[in-house]
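Structure assessment
Below, each chain spelled out in residue letters.
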Amino acid sequence: MNTEDLSLVQKILKGDEIAFQKLVVKYQRAVYNIAWRMVRNEEDARDLTQEVFIRVFRGLKTFDATRTFSTWLYRIATNLCIDHHRKRRLRTISIDADSPAGDRKEPMALPGKEPRPDRLHEVTTLAETVETYLERLPPIYRLILHLRYREQLTYEEMAEILGTPLGTVKARLHRAHRHLKNLMEKRG
């Protein structure tokens, strides 16, 4: 386990509010990103992020210090988002439908020097295209791709977060890739 996280957890359990604030600041962006990937709504993602940290605070005494804190946290976030999605299932749209206009697109972060405008346009267009196809995937596939490529988690960490066997994680990741590929091939 990350010793910084363990130290913060121990301080929080002793009543140190500043330690909890530090923990929230450290992980709030990652938790928000997981929530947004799952629910595709900024307001809901913010609410879910807040709820995750409330649950973390309330359940911190049950945390097993031999485990990785971030994995425990991401599992809480994932479970909460899945529950949220189940409650709203009746209001979902087909994964084959075009995405509604005005959906939020994540800004591109480009390293180094300013790119040429034509290159920036090309990269932005590609990112928007990929994002459009990602939006058509079922939430579990969006989540598994997010955990693997955005959060750069190992298969084992993903299995623990999702509460599924390692083989299931690998199979879902494979199906997510295949589904995304099929969607993109239909484009051309």
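Conventions we followed
- Residues numbered from 1 in each chain as written.
- Predicted model: local features only at pLDDT ≥ 70, side-chain atom pairs only at ≥ 80, totals over all residues.
- Heavy atoms only, no water.
- UniProt positions renumbered as here; feature names shortened; annotations may be inferred.
- Salt bridge = Lys/Arg side-chain N within 4 Å of Asp/Glu carboxyl O.
- Helix = DSSP H or I, 4+ residues; strand = E, 2+ residues; numbered from the N terminus.
- Buried < 20%, exposed > 50% of the residue type's maximum accessible area, 1.4 Å probe, protein only.
- Core = buried A, V, L, I, M, F, W, Y, C linked by side-chain atoms within 4.5 Å.
- Arc of directions from axis to C-beta.
- Contact = heavy atoms within 4.5 Å.
- Phe/Tyr/Trp six-rings, centres within 6.5 Å; stacked < 30°, edge-to-face > 60°.

Looking up the protein chain in an unreviewed UniProt entry gives the name Sigma-70 family RNA polymerase sigma factor, with the organism given as Eiseniibacteriota bacterium. As stated in UniProt under Sequence similarities (unreviewed entry), the record for the protein chain gives "Belongs to the sigma-70 factor family. ECF subfamily."

A word on the pattern of salt bridges
The full count for this structure, using the stated rule, is seven salt bridges. Notably, a salt bridge pairs lysine 26 with aspartate 5, separated by 2.7 Å at the nearest N-O pair. In this pair, lysine 26 sits in helix H2 (residues 17-39) while aspartate 5 sits in helix H1 (residues 3-13), placing the two residues 21 residues apart along the sequence. Overall, lysine 26 belongs to the partly exposed group, its relative accessible area being 34%. Salt-bridge contacts for arginine 46 lead to glutamate 42; the nearest nitrogen and oxygen are separated by 3.8 Å.

Brief notes about unusual backbone geometry
The phi angle at arginine 40 is positive, at roughly 55°, despite the residue not being glycine. With respect to the helices and strands, the residue arginine 40 is situated in the loop between H2 and helix H3 (42-59). The residue glutamine 152 is not glycine, and still its phi comes out positive at about 55°. By secondary structure assignment, the location of glutamine 152 is in the loop between helix H6 (139-150) and helix H7 (155-162).

A word on the nonpolar core
Within the largest apolar cluster, 49 residues are counted, with the highest numbers of intra-cluster contacts made by Val56, Phe69 and Leu73. Mapped by element, the contributors of at least two residues to this core are H1, H2, H3, helix H4 (69-87), helix H5 (117-135), H6, H7 and helix H8 (166-187). The element that contributes the greatest number of residues to this core is H2, accounting for 13 residues.

A word on H1
Taken together, the buried positions of H1 are Asp5, Leu8, Val9 and Ile12. Projected down its long axis, H1 shows its buried positions confined to an angular sector of 100°, all on one face. Turning to H1, the residues buried within the fold contact H2, H3 and H4. Immediately downstream of H1, the backbone of glycine 15 shows phi near 100°, a positive value.

Brief notes about the packing of aromatic side chains
Considering all chains together, one arrives at six aromatic pairs under this definition. With a centroid separation of 5.6 Å and an interplanar angle of 55°, the aromatic rings of tyrosine 27 and phenylalanine 69 are classed as tilted. In this pair, tyrosine 27 sits in helix H2 while phenylalanine 69 sits in helix H4, placing the two residues 42 residues apart along the sequence. Across this residue pair, the class does not change: tyrosine 27 and phenylalanine 69 are buried. With centroids separated by 6.4 Å and ring planes inclined at 80°, the aromatic side chains of tyrosine 27 and tyrosine 74 adopt a geometry described as edge-to-face. On the criterion of sequence distance, the pair formed by tyrosine 27 in helix H2 and tyrosine 74 in helix H4 is long-range, its members being 47 residues apart. What makes tyrosine 74 buried here is its relative accessible area of 6%.

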